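Here's the letter readout for the chains.
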Amino acid sequence: FVRRVDWMSQRETDAFKTHPVTSEPLIRFSQLFSQAERVSTTSWAHNFTLCTVDEDGQPTSRVVSMHSHDERGFFFCTNTSGPKSKAIAHNPKVAMCFQWEGLRAQIRVTGTAEQLDDETTMVLYNR
């Protein structure tokens, strides 16, 4: 899962306006995420782009699905022996980007990814 929301951008009209988030960023994310889930053009509101850097220093990105989020951060599932997990094991700093065109908004998240213990993983997986 990923901790820490540094800042977010929300598009207004045709330009992007960047707003530093100084307090309660996960509350703001939750508000926008709830809106995105209700907008018909964002039926995949839980999908985001995850960016990592591999052991050769090569950045890579892919679209993954957020399992859930709470006050601890963002949770997603991945194969622990795949390239994504290997990149995170090498460098746990990641970036995430949610884009909700129907809201004309995007949320960019940076933080540190870490593997959850087996018990927590099973609780989340079985929700």
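Calculation notes
- Residues numbered from 1 in each chain as written.
- Predicted model: local features only at pLDDT ≥ 70, side-chain atom pairs only at ≥ 80, totals over all residues.
- Heavy atoms only, no water.
- Helix = DSSP H or I, 4+ residues; strand = E, 2+ residues; numbered from the N terminus.
- Buried < 20%, exposed > 50% of the residue type's maximum accessible area, 1.4 Å probe, protein only.
- Contact = heavy atoms within 4.5 Å.
- Expected span 1.5 Å × (residues − 1).
- Arc of directions from axis to C-beta.
- Salt bridge = Lys/Arg side-chain N within 4 Å of Asp/Glu carboxyl O.
- Polar contact = N/O pair within 3.5 Å; in protein donor to acceptor, adjacent residues only side chain to side chain.
- Core = buried A, V, L, I, M, F, W, Y, C linked by side-chain atoms within 4.5 Å.

Draft legend 1. Molecular detail of the overall build of the protein. Helix and strand counts for the protein stand at three helices and eight strands. Along the chain direction, N to C, the helices and strands of the protein fall in the order β-β-β-α-β-β-β-α-β-β-α. A burial count over the protein gives 34% of its 127 residues as buried. Summarising the internal contacts of the protein: among those between residues at least 6 apart in sequence, 55% fall at separations of at least 24.

Draft legend 2. Seen up close, helix α1 (residues 25-38). Across its 14 residues, α1 extends 20 Å between first and last C-alpha, which sits within 8% of the 20 Å expected from 1.5 Å per residue. Within α1 the residues assigned to the buried category are Pro25, Phe29, Leu32, Phe33 and Ala36. Along α1, the residues classed as buried sweep out an arc of 105° about the axis, all on the same side.

Draft legend 3. Up close: the pattern of salt bridges. Within this structure, the stated rule accounts for one salt bridge. Where glutamate 101 meets arginine 104, a salt bridge forms, and the shortest distance between an N and an O atom there is 4.0 Å. With relative accessibility at 30%, the residue arginine 104 sits in the partly exposed group.

Draft legend 4. The arrangement of the side chain of histidine 69 in detail. One can find histidine 69 in strand β5 (residues 59-70). In this structure the side chain of histidine 69 is engaged in a polar contact, spanning 2.9 Å, whose partner is the side chain of serine 30. With residues up to four places along the chain from it excluded, the contact list for histidine 69 reads Phe29, Ser30, Phe33, Phe74 and Phe75.

Draft legend 5. Spatial organisation of the environment of alanine 89. Tracing the backbone through its elements, the reader meets alanine 89 in helix α2 (residues 83-90). On the basis of relative accessibility, which here comes to 66%, the residue alanine 89 falls in the exposed class. Sequence-wise, alanine 89 and glutamate 114 are 25 residues apart; in three dimensions their C-alpha atoms are separated by 8.2 Å.

Draft legend 6. Fine view of the environment of serine 68. Considering the arrangement of structural elements, one finds serine 68 in strand β5. Taking the C-alpha atoms as reference points, serine 68 and leucine 124, 56 residues apart in sequence, are found 8.1 Å from one another. Residues in contact with serine 68, not counting those within four places in the same chain, are Gly73, Phe74, Phe75, Leu124 and Arg127.

Draft legend 7. Local environment of the nonpolar core. Phe29, Phe48, Phe98 and Trp100 are the most contacted members of the largest nonpolar core, which has 21 residues in total. For this core, the elements supplying multiple residues, two or more each, are α1, β4 (47-53), β5, β6 (73-76), β7 (93-100) and β8 (105-113). The contacts of phenylalanine 98, once residues within four sequence positions are left out, are Phe29, Ala45, His46, Asn47, Phe48, Met66, Phe74, Ala105, Gln106 and Ile107.

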